[in-house]
Amino acid sequence: VVTREDVEESLKAKWQYVKDQEQLLKDLHSQIEETGQRLSVKQSERDYWLEYKNVGSKTQANKIMNLEKDIKEVKDDLHRATEYYRNALKAVKEENDKVVERHMELSKEQAPESAVRYLDKSSRREIEENEWLKEEVKMYQKEVSDLKASIQLLEEENIALVTKMIDSRLQNLRV
């Protein structure tokens, strides 16, 4: 004999079981849906990496090669520019050295004249006399060198004449 209460309890238990099963089914559906979403995310990531492997990596490799070429060209340009500026700097330094040297020589030449301007009359007179004496010494040295050359020629002529005279005396003695 089954009582009404037993039937109600049995129905409640079945109803609770069905309700639990429905809840479990909903949970399973949500888990399936969540797993499907994760699967689609992973699938899209896989597709991205396959695309990158097949197309993108080659594109990136080409970009890398182009960038390496650009780097090499920039290095070469830098090297050429460095050499150019080094040579230009050297030329400018040499030119500056020449200009400074000329300026120093000019200053050295003008220094005595500038110094003479600030001297008194007697000191200027002494300097002028000194310059005149230097010119006289040059003239006398030239005359001395000319005379030495003349003496040298006369001595050579004299030696030649003495040699000739000795030779003729020797011939006279032989005869």
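Residues numbered from 1 in each chain as written. Predicted model: local features only at pLDDT ≥ 70, side-chain atom pairs only at ≥ 80, totals over all residues. Heavy atoms only, no water.

The name given to the chain in an unreviewed UniProt entry is CCD83 protein, and the organism recorded there is Fregetta grallaria.

*Asks:* Just give me the short version of the overall build of the chain, but keep the residues and values in it.
*Replies:* Per the secondary structure count, the chain includes two helices and zero strands. Against the 2.2 N^0.38 benchmark of 16 Å for 175 residues, the chain shows a C-alpha radius of gyration of 60 Å, more extended than a compact globule. In terms of its C-alpha atoms, the chain occupies a principal-axis envelope of roughly 195 × 70 × 25 Å. Counting across all 175 residues of the chain, residues that qualify as buried make up 1%. For the chain, the accessible surface area stands at approximately 17,000 Å², while carbon and sulfur atoms represent 58% of it. When the 32 basic and 38 acidic side-chain charges of the chain are each reduced to a single mean position, those positions are 3 Å apart. (Helix = DSSP H or I, 4+ residues; strand = E, 2+ residues; numbered from the N terminus. Rg over C-alpha atoms; globule rule 2.2 N^0.38 Å. Buried < 20%, exposed > 50% of the residue type's maximum accessible area, 1.4 Å probe, protein only. Areas by Shrake-Rupley, 256 points an atom, 1.4 Å probe, with all protein chains shown as cover. Lys, Arg positive; Asp, Glu negative; His and termini not counted. Charge placed at Lys NZ, Arg CZ, Asp CG, Glu CD.)

*Asks:* Residues and numbers for the environment of Ser 57, please.
*Replies:* Relative to the elements of secondary structure, Ser 57 occurs in helix H1 (residues 4-117). Look at Ser 57 and you get partly exposed, because its relative accessible area is 27%. Sequence separation between Ser 57 and Ser 122 is 65 residues; the distance between their C-alpha atoms is 97 Å.

*Asks:* Explain a nonpolar patch on the surface to me, using residue names and the numbers behind them.
*Replies:* Together, Val 162, Ile 166, Leu 170 and Leu 173 make up an exposed nonpolar region whose accessible area comes to about 380 Å². Within the secondary structure layout, Ile 166 lies in helix H2 (residues 121-174). For Ile 166, a relative accessible area of 46% gives the class partly exposed. (Patch = residues over 30% accessible without salt bridge, like charges linked within 9 Å, V, L, I, M, F, W, Y side chains within 5 Å. Salt bridge = Lys/Arg side-chain N within 4 Å of Asp/Glu carboxyl O.)

*Asks:* Requested: an account of the packing of aromatic side chains, with residues and values cited.
*Replies:* For the coordinates displayed, the defined rule picks out three aromatic pairs. Aromatic side chains Tyr 48 and Trp 49 sit 5.1 Å apart centroid to centroid with 75° between the ring planes, which places their arrangement in the edge-to-face category. Relative to Tyr 52, the ring of Trp 49 has its centre 5.8 Å away and its plane inclined at 85°; by these criteria the two rings are edge-to-face. One end of the pair is Trp 49 and the other is Tyr 52, both in helix H1 and three residues apart, which spans about a single turn. An aromatic cluster is built from Tyr 48, Trp 49 and Tyr 52, whose rings are joined through pairwise contacts. (Phe/Tyr/Trp six-rings, centres within 6.5 Å; stacked < 30°, edge-to-face > 60°.)

*Asks:* How would you sum up the pattern of salt bridges? Please name residues and give values.
*Replies:* Oppositely charged side chains are able to pair whenever their charged atoms sit close together. Scanning the model with the defined rule gives ten salt bridges in all. Here Glu 83 ties to Arg 86 by a salt bridge, and the two come within 2.7 Å at their closest N and O atoms. Linking Glu 83 with Arg 86, this pair stays in helix H1, spanning three residues, or about one helical turn. For Glu 83, a relative accessible area of 30% puts it in the partly exposed group. Measuring nitrogen to oxygen at the nearest pair gives 4.0 Å for the salt bridge that ties Glu 131 to Lys 134. One end of the pair, Glu 131, and the other, Lys 134, are both in helix H2, three residues apart, so they sit about a helical turn from each other. A relative accessible area of 41% means that Glu 131 is categorised as partly exposed.

*Asks:* Hey, could you go over a negative patch on the surface for me, with residue numbers and the actual values?
*Replies:* Side chains of Glu 94, Asp 97, Glu 101, Glu 105, Glu 109 and Glu 113 sit close together on the surface and give a patch of like negative charge. By the secondary structure assignment, Glu 94 is in helix H1. Using a relative accessible area of 42% as the deciding quantity, one classes Glu 94 as partly exposed.

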